[in-house]
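# Observations on the model geometry
As a plain string of letters, each chain reads:
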There are 2 protein chains.
Amino acid sequence: MGSAAAPWKSLLLSALESNAQITHSRFLHLATIGGNGRPSNRTVVFRGFEEGTDGIRIYTDSRSRKIEELKTCPFAEISWYFTESWEQFRISGRIEVVDASCLDATKFKKRAEAWSSISPKSRMQYLGPSPNLPYIAEQPAKEPVLDSCSGPVDAFCLLVLDPDQVDYLNLKSAERKLFKAIPCLGRETLWESERINP
Amino acid sequence: MGSAAAPWKSLLLSALESNAQITHSRFLHLATIGGNGRPSNRTVVFRGFEEGTDGIRIYTDSRSRKIEELKTCPFAEISWYFTESWEQFRISGRIEVVDASCLDATKFKKRAEAWSSISPKSRMQYLGPSPNLPYIAEQPAKEPVLDSCSGPVDAFCLLVLDPDQVDYLNLKSAERKLFKAIPCLGRETLWESERINP
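Residues numbered from 1 in each chain as written. Chains lettered and ligands numbered in written order. Predicted model: local features only at pLDDT ≥ 70, side-chain atom pairs only at ≥ 80, totals over all residues. Heavy atoms only, no water.

### As for the UniProt feature "domain: Pyridoxamine 5'-phosphate oxidase Alr4036 family FMN-binding" (unreviewed entry) in chain A
When the UniProt feature table is mapped onto this chain, "domain: Pyridoxamine 5'-phosphate oxidase Alr4036 family FMN-binding" (unreviewed entry) is found at residues 6-98 of chain A. Along residues 6-98 of chain A, the helical share is 22% and the strand share 43%, with 24 Å between the first and last C-alpha atoms. (UniProt positions renumbered as here; feature names shortened; annotations may be inferred. Helix = DSSP H or I, 4+ residues; strand = E, 2+ residues; numbered from the N terminus.)

The following block contains the structure:
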């Protein structure tokens, strides 16, 4: 899953730090392959790195279309532009879907921790009607009630993108660097990097 | 190519207007299918609508990887988030590549007009070394000189995305609307729309 020393990670952490006061600096655009074979693209929120790895965390509704898409083709590319520092990261890799059907103890725990980290208001979104279905104006008679101590609801899904290529572009310095993971059997991912033309 | 009355267009024009003072409101994220069958995603600049149609214009370098990709699979999806008004547009459609090899008189003229509309500084980018190739530190002895009256250089390429589906989400009002072009043989595109769950 990558080492703490992935050379692109320090660039990304530094971009996040220098843009920390801007809420939208945590918004990125995630492309997947749609069910019709066409590209699919949407805005999602960066939820930090998976502890001790380079895995990029995203929370989503398991009833959203991207889940079907990722189950057919697990590859995705992030396009992430930092509006203050003029830096672009294109992060390509495979996404692991950690949903309610996941029985692995470690992953089960990670999903539960992710759920407990979000605000009560954010949690309520996962209790709403299914995304993409036609909107029905009548609301349920009672607002659903969520016990603050209970575990994640079925619709809550954790995605972890494990990067294998990062294309970094700095529009202020006109520098561009391409980082590629070197396939290897060891636990730690090795990276090669090259400066390329912007 | 669509009519002036495409129902999503007024929403997009109004988002552009209410976010007009923010430079990055014209930056959008364009997903295509990469040569390896994986998704590909990058930041590009919105250059307005093609006159009299709903076509979305983007300028790019014909040596960039997206051109190869679009020649294999012309479909793309834009993810566009307006940070002030909290609106997301996902715009899906087919892209037409108008490059130096295009002999159609109308398209030739459109590409020339696009070239003359950009700043001298932007034009110089298309004279630089080929994107994606390894960077070579030595600069050419002389800066290339561009005659301000001459036509587009070979590397200058106009892309026009012709939308056939627009998924609009307003995060302030929690309203989401899906617009779909109805296939028809006439000149004017008809659209159907439906309110769906966010």
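### Digging into the pairing of strand β6 (residues 156-170) of chain A
Residues and elements named next belong to chain A. Most of β6 is tucked away: 12 of the 15 residues are buried. Two elements, strand β3 (residues 56-61) and β6, share six bridges in a ladder whose sense is antiparallel. The partner of D61 across the bridge, within β6, is F156. Where strand β5 (residues 87-98) lies against β6, 12 bridges are found, and the strand directions are antiparallel. Within the sheet, the bridge partner assigned to G93 lies in β6 and is P163. Taken together, β6 and the strand that follows it, strand β7 (residues 175-182), pair antiparallel across an intervening segment of four residues, in which A174 is found at a positive phi of about 55 degrees. (Buried < 20%, exposed > 50% of the residue type's maximum accessible area, 1.4 Å probe, protein only. Pairing = 2+ DSSP bridges.)

### Describing the relation of the copies chain A and chain B
Expressed as a screw operation, the relation of chain A to chain B combines 0.0 Å of axial shift with a rotation of 180 degrees, fitting to an RMSD of 0.0 Å. In symmetry terms, the pair is related by a two-fold rotation axis. Residue by residue, 100% of the interface of chain A is reproduced at the interface of chain B, so both copies engage with the same surface. (Least-squares fit on C-alpha atoms with pLDDT ≥ 70 in both. Contact = heavy atoms within 4.5 Å.)

### Considering the side chain of R90(A)
If you trace the backbone, R90(A) turns up in strand β5. Owing to a relative accessible area of 14%, R90(A) belongs among the buried residues under this scheme. One polar contact links R90(A) to S40(B), side chain to side chain, over a distance of 3.3 Å. For R90(A), the contacting residues outside a window of four places in its chain are E77(A), I78(A), Q165(A), V166(A), D167(A), R176(A), S40(B), N41(B) and R42(B). (Polar contact = N/O pair within 3.5 Å; in protein donor to acceptor, adjacent residues only side chain to side chain.)

### Section: the environment of A76(B)
Looking at the secondary structure, you find A76(B) in strand β4 (residues 75-82). According to the relative accessible area criterion, A76(B) is buried, its value standing at 1%. Residues A76(B) and S173(B), spaced 97 residues apart in sequence, show a C-alpha to C-alpha distance of 28 Å. Sequence-distant contacts of A76(B), that is, excluding residues within four places in its chain, are made with P39(A), L30(B), A31(B), T32(B), I91(B), S92(B), G93(B), I95(B) and L161(B).

### Observations concerning the nonpolar core
With 29 residues, the main nonpolar core has L12(B), W80(B), F89(B) and I91(B) as its most contacted residues. Among the secondary structure elements, those contributing two or more residues to this core are α1 (7-18), β1 (27-33), β3 (56-61), α2 (65-72), β4, β5 (87-98) and β6 (156-170) of chain B. The biggest single contributor to this core is β6(B), with five residues. Those residues in contact with I91(B) that sit more than four places away from it in its chain are L12(B), I56(B), A76(B), E77(B), I78(B), W80(B), L161(B), P163(B), Q165(B) and V166(B). Ranked by size, the runner-up nonpolar core spans 28 residues in total, among them I67(A), F89(A), I95(A) and C157(A). (Core = buried A, V, L, I, M, F, W, Y, C linked by side-chain atoms within 4.5 Å.)

### A closer look at unusual backbone geometry
One non-glycine residue, W86(A), adopts positive backbone phi at about 55 degrees. In this structure, W86(A) sits in the loop between β4 (75-82) and β5. Since its relative accessible area comes to 41%, W86(A) is described here as partly exposed. One non-glycine residue, A174(B), lies in the positive phi region at around 60 degrees. In this fold, A174(B) is placed in the loop between β6 and β7 (175-182).

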